[in-house]
Amino acid sequence: MSFPEVRLRRLRRTEALRGLVRRTDLSADHLVMPLFVRPGSGVVEPISAMPGQCQYSVDTLTERVGRLSEAGVPAVLLFGISPKKDPRGSEACAEDGIMQEAVRNIKKAVPEMLVIADVCLCAYTDHGHCGVIVERRGEKVVDNDATLERLVRTALSHAHAGADIVAPSDMMDGRVGAIRSALDGEKLTDVCIMSYAAKYASSFYGPFREAAESAPGFGDRRGYQMDPANAEEALREVALDIEEGADIVMVKPALAYLDVIHRVRERFDVPLATYSVSGEYAAVKAASANGWLDERKVVLEIMTAIRRAGADIIITYWAPEIAGWLREPGR
Ligand code: PBG
């Protein structure tokens, strides 16, 4: 049958009809809010390239997390900012480090909040790279295997502080397996690993590097993060991370990589997260501030698209706003 018997517009006539046949749902249960924590007390320092986002000290962060919980956001993803930087990023795994303090405080004050700890060295190395630098053939490169040991110690310290999930974002080969066996070795068998499995070398991370004070001092991250031109390679990355013991895999960024999300979803039956990154946030914020886009409508459309592509979990700086919008009747 075809037109005039078939009229697809019939099911679009009212909101009740549209709701009845809607395939993709959006709920606050799937949202993760990223937050930045720095030393000090009473700090709420706005991040200029990410309007509405701030760097917090542990005390103000914990209050913020309490409000997020009340707003219906189930999980936070923490990033530490440290003035203590050295070539090996030693501060990343310090027992009294900024991340470890933040995790402990949040789990004490807001125990129901899921705490995800980002595991990386870039905020703690004086060169700003995600691993340990060595010289090879006259060139400075990030040494994969030397970095693993640092990442393992960092993940263990986060887990001991009480993190529910550790999230390695460095893109070294073999880190998921190394972290899993170290966690299991210390009886931390119920700490989950969310791996940044397919993390692309993206220009959309620009505002984040201001926020986390983690821009590389020389070169770029293309020697370890993925080439935006490749999709099949993402499937290999995801397969390896699952084999190594990842509980949740991630594709990052989100909006420019919806095809990758979709392909991972089709191929693998595992929990899939995606990170709607700082540049995606900043772009929509800037256009909205100029009155060129309707922020709320655009954000809900983007989030629906991400879910339609196949992501279960969405990491987004709009998490509390979305949770609020979804509660409003007749949206
Ligand atoms: C650190 C890290 C980055 C992001 C998350 N973890 C930046 C980078 O790799 O340079 C980006 C997040 C965002 O842009 O919102 N390894």
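What counts, and at which threshold
- Residues numbered from 1 in each chain as written.
- Predicted model: local features only at pLDDT ≥ 70, side-chain atom pairs only at ≥ 80, totals over all residues.
- Heavy atoms only, no water.
- Helix = DSSP H or I, 4+ residues; strand = E, 2+ residues; numbered from the N terminus.
- Contact = heavy atoms within 4.5 Å.
- Buried < 20%, exposed > 50% of the residue type's maximum accessible area, 1.4 Å probe, protein only.
- Pairing = 2+ DSSP bridges.
- Arc of directions from axis to C-beta.
- Salt bridge = Lys/Arg side-chain N within 4 Å of Asp/Glu carboxyl O.
- 1 Å grid on protein atoms, 1.4 Å probe; cavity = no way out; pocket = protein on both sides within 12 Å on 5 of 7 lines; lining within 4 Å.
- Points joined across faces, edges and corners; volume = space filled by probe spheres on them.

S.K.: What is the right way to read the environment of Val43 from this model?
M.R.: With respect to the helices and strands, the residue Val43 is situated in the loop between β1 (31–37) and β2 (44–46). Expressed as a C-alpha distance, the spacing of Val43 and Pro320, which sit 277 residues apart in the sequence, is 20 Å. When sequence neighbours within four positions are dropped, the list of residues in contact with Val43 reads Arg38, Gln55, Tyr56, Ser57 and Thr60.

S.K.: Help me understand the pairing of strand β5 (residues 114–119), please; the structure alone is not making it clear to me.
M.R.: For a regular strand, side chains alternate in direction, first toward one face of the sheet and then toward the other. Along β5, five of the six residues are buried, which leaves the element largely enclosed by surrounding structure. Relative to β5, strand β4 (residues 75–80) is paired through four bridges, and the arrangement is parallel. Note that in β5 the partner of Leu77 across the bridge is Ile116. Relative to strand β8 (residues 165–168), β5 runs parallel, the two being bridged by four bridges. Across the sheet, the residue bridging to Val119 is Pro168, located in β8.

S.K.: Could you clarify how one ought to interpret helix α8 (residues 258–267) in this entry?
M.R.: Each α-helix winds once per 3.6 residues, and so residues spaced three or four apart point in a common direction. Within α8 the residues assigned to the buried category are Val260, Ile261 and Val264. For α8, the arc enclosing every buried residue in end-on projection is 105°, short of the 170-degree limit, so these residues lie on one face. Tucked into the core, α8 has its buried residues touching α7 (232–244), β10 (248–252), β11 (272–276) and α10 (295–309).

S.K.: So what exactly am I meant to see when it comes to the pattern of salt bridges here?
M.R.: It is possible for side chains bearing opposite charge to pair when their charged atoms get close. What the rule picks out here adds up to 20 salt bridges. In this structure, Lys84 engages Glu91 in a salt bridge whose closest nitrogen and oxygen atoms are separated by 4.0 Å. Given a relative accessible area of 54%, Lys84 falls into the exposed group. Residue Glu149 pairs with Arg153 through a salt bridge whose shortest N-O separation is 3.6 Å.

S.K.: Which parts of the structure should I look at to understand empty space enclosed by the protein?
M.R.: If a probe the size of a water molecule is rolled over the atoms, the empty space left behind becomes visible. For the structure on display, the rule yields one cavity of 30 Å³ or more. Quantified by volume, the largest cavity comes out at close to 260 Å³. Of the residues forming the lining of the largest cavity, the biggest block, three residues, is contributed by helix α6 (residues 206–212).

S.K.: Quick question: what am I supposed to make of the pairing of strand β7 (residues 139–143) here?
M.R.: In terms of strand pairing, strand β6 (residues 132–136) meets β7 through five bridges, oriented antiparallel. When the sheet's bridge partners are listed, Ile133 is paired in β7 with Val142. Once β6 ends, the chain turns through two residues before running back antiparallel as β7, passing Arg137 with a positive phi of about 50°.

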